[in-house]
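Analysis of the macromolecular model
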Amino acid sequence: MSEFEIWLSRDTGDRLQVLDQCGPFSYTLALNNLGAFTLALPADFPRDLLAYDRRVLFWHKPPGGSLRLEFVGFIRLIDTAAPGGFVRRLVKGPDCNDL
């Protein structure tokens, strides 16, 4: 089974926190185009850690492989949603091709 680690870092690249309590997530890698990510966090996740242009890093470890950085995105949208009655913070943004 594949394993993932998701990190939150400052815009300088300094790691703030490993996001081990996150809900569903997705990211899209795009060659010569803009990729994007979506990440759901618990409602009680500290809002002060989330800021515009902070980075979310998705690390992936395939079965029998080693952990490697697969996607880096910029936080551009922070929202609160309640799908199915479960309140979550939603974080979305583009990948580094947005630069």
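Residues numbered from 1 in each chain as written. Predicted model: local features only at pLDDT ≥ 70, side-chain atom pairs only at ≥ 80, totals over all residues. Heavy atoms only, no water.

Glancing now at the overall build of the protein chain. Each helix and strand counted, the protein chain has zero helices and eight strands in total. If you list the helices and strands of the protein chain from N to C, you get β-β-β-β-β-β-β-β. In terms of C-alpha radius of gyration, the protein chain reaches 13 Å, essentially the compact-globule figure of 13 Å for 99 residues. Projected onto its principal axes, the C-alpha positions of the protein chain cover 35 × 35 × 25 Å. Counting over 99 residues, the protein chain shows a buried share of 30%. Per element, the accessible surface of the protein chain, about 6000 Å² overall, is 51% carbon and sulfur. One way to put it: in the protein chain the 11 positive side-chain charges average out to a point 1 Å from where the 12 negative ones average out. (Helix = DSSP H or I, 4+ residues; strand = E, 2+ residues; numbered from the N terminus. Rg over C-alpha atoms; globule rule 2.2 N^0.38 Å. Buried < 20%, exposed > 50% of the residue type's maximum accessible area, 1.4 Å probe, protein only. Areas by Shrake-Rupley, 256 points an atom, 1.4 Å probe, with all protein chains shown as cover. Lys, Arg positive; Asp, Glu negative; His and termini not counted. Charge placed at Lys NZ, Arg CZ, Asp CG, Glu CD.)

It is worth spelling out the side chain of R89 at this point. Looking at the secondary structure, you find R89 in strand β8 (residues 88–94). The buried charged residue R89 lacks any salt bridge, with D44 as its nearest oppositely charged partner at 7.3 Å. At 3.0 Å, the side chain of R89 forms a polar contact with the backbone oxygen of F45. When neighbours within four sequence positions are excluded, R89 is seen to be in contact with L39, A40, L41, P42, A43, F45, R47, L50, D79 and T80. (Salt bridge = Lys/Arg side-chain N within 4 Å of Asp/Glu carboxyl O. Polar contact = N/O pair within 3.5 Å; in protein donor to acceptor, adjacent residues only side chain to side chain. Contact = heavy atoms within 4.5 Å.)

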